[in-house]
Amino acid sequence: MTLNVGVIGVGMIGQDHIRRLTRVLSGVRVSAVTDVDLDRARTIADDLPGATLHSTGAELIADPGVDAVVVTSWGPTHEEYVLACIAAGKQVFCEKPLATTREACDRIVDAELAAGRRLVSVGFMRRYDAQYKAMKAVVTGGEIGAPLLMHAAHRNPSVPDFFTSDMIINDSTVHDIDVARWMFDEEIVTVTVLKPRRSSKAREGFNDPLLVLLEMASGVIVDVEASVNAGFAYDIRGEVVCEDGTVELSESAGALVKRAGSVSARVPEDWRERFVLAFDTEFQTWIDAVTAGGTTGPSAWDGYAATVVCDTGLASLRSDAREPVVLREKPDLYKEG
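Below is a short write-up of the structure. Please read these numbers as outputs of a predicted model, since none were measured by experiment.

## Regarding the pairing of strand 5 (residues 91-95)
The side chains of a regular strand alternate between the sheet's two faces. The element strand 5 is largely enclosed, with a buried count of 5 among its 5 residues. Every second residue of strand 5 is oriented toward a common face, with Gln91, Phe93 and Glu95 on one face and Val92 and Cys94 on the other, all of them buried. Bridge analysis of strand 4 (residues 68-71) against strand 5 gives 4 bridges, and the strand direction is parallel. In the strand pairing of strand 5, valine 70 is matched with phenylalanine 93. Between the parallel elements strand 4 and strand 5, the chain passes through helix 4 (residues 78-88) in a crossover that is right-handed.

## Re the nonpolar core
Counting 79 residues, the largest nonpolar core has Met183 and Leu214 as its most contacted members. Once you skip the residues sitting within four places of it in the chain, leucine 214 turns out to touch Ile177, Ala180, Ile188, Thr190, Val191, Val220, Ile221, Val222, Val224 and Val309. Formed by 22 residues, the second largest nonpolar core is a distinct cluster that contains Leu3, Val5, Ala41 and Val290.

## Let's talk about helix 5 (residues 102-115)
Every α-helical turn comprises 3.6 residues, leaving residues that sit three or four positions apart pointing alike. The first and last C-alpha atoms of helix 5 sit 20 Å apart over 14 residues, in line with the 20 Å expected at 1.5 Å per residue. Among all positions in helix 5, only Ala104, Cys105, Asp106, Ile108, Val109 and Glu112 are buried. Where the residues of helix 5 are buried, they touch helix 4, strand 6 (120-123) and helix 9 (300-319). Two residues or fewer past helix 5, glycine 116 is found with a positive phi of approximately 80 degrees.

## With respect to the pairing of strand 2 (residues 28-34)
Summarising burial for strand 2: 6 of the 7 residues are buried, a large majority. Note that strand 1 (residues 3-8) and strand 2 share 6 bridges and pair parallel. The partner of leucine 3 across the bridge, within strand 2, is valine 28. The pairing of strand 2 with strand 3 (residues 52-53) spans 2 bridges and is parallel. Considered in strand 3, the bridge of alanine 32 is made with threonine 52. The β-α-β motif built from strand 2, the intervening helix 2 (residues 38-46) and the parallel element strand 3 has right-handed crossover chirality.

Cut-offs used in this document
- Residues numbered from 1 in each chain as written.
- Predicted model: local features only at pLDDT ≥ 70, side-chain atom pairs only at ≥ 80, totals over all residues.
- Heavy atoms only, no water.
- Buried < 20%, exposed > 50% of the residue type's maximum accessible area, 1.4 Å probe, protein only.
- Helix = DSSP H or I, 4+ residues; strand = E, 2+ residues; numbered from the N terminus.
- Pairing = 2+ DSSP bridges.
- Right-handed = clockwise from strand over helix to strand, strands pointing away.
- Core = buried A, V, L, I, M, F, W, Y, C linked by side-chain atoms within 4.5 Å.
- Contact = heavy atoms within 4.5 Å.
- Expected span 1.5 Å × (residues − 1).

Following this line, the structure appears as structure tokens:
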């Protein structure tokens, strides 16, 4: 069976996902596309044999030739499309964020609860990265004792001029927030955002870097260094400190070269290079699950929790204080995942 997928949003990440859906993965074809820029969507559709161009996301979701939907459009549009997919009974893969406000995430969770089954998967690809999975296996296995701390870093070489201090939390740190919840299988209860000395590479009034402290329900503390003007490369770090040892992401997926008294290794240029295999695994896993009649991966609850924690981080950024995370009660639908 071939899963017919419609893609809403064909910008940079949408095009990258279309590439993997059509050239890398199995059991799937892109049967329909749409974008707010219809000329761009038409160009993409012309290169996809048999693909239908739709003028709106609503039309694409209603298309009987679309079995499941991938949403990679602008964040504020996610709620509308995800709710429409739930109403249509179609599985939907939504890139983060699930929605841009707590209230919008609440509406999505409520709609899925009313449907009585999971239909939403949220794009937190780090859960599928081989290094992160290996680190979680060690932590969960207990071989180095109970976890105490986690150190993380998210360093971008640069960001566009429209990037803001808020986006450091909403677009960058959000991945570390999801990793922390997944790594320790528990919720974040407080967030504190500290503002170190501002990098000379950052624009005036732009707080970069930030240090984000996450306190977990068990007392584990996670510190996230978020720097978006690092200059040298896309550098992702992670280390969990436990009672009897530590486990960390390896410095490089490639070879270490030792020469003339020095050691060198490649650091990824951007997120696509660092997480390409994680994206591939994430999508193939989702395709297989949907084809079998279900879904998998981070849920609408995970998307909701990440958005609430980000909102709390923004409150701390403005208040310069430790802020509590207030979540609704977790529904039974999400307690097994």
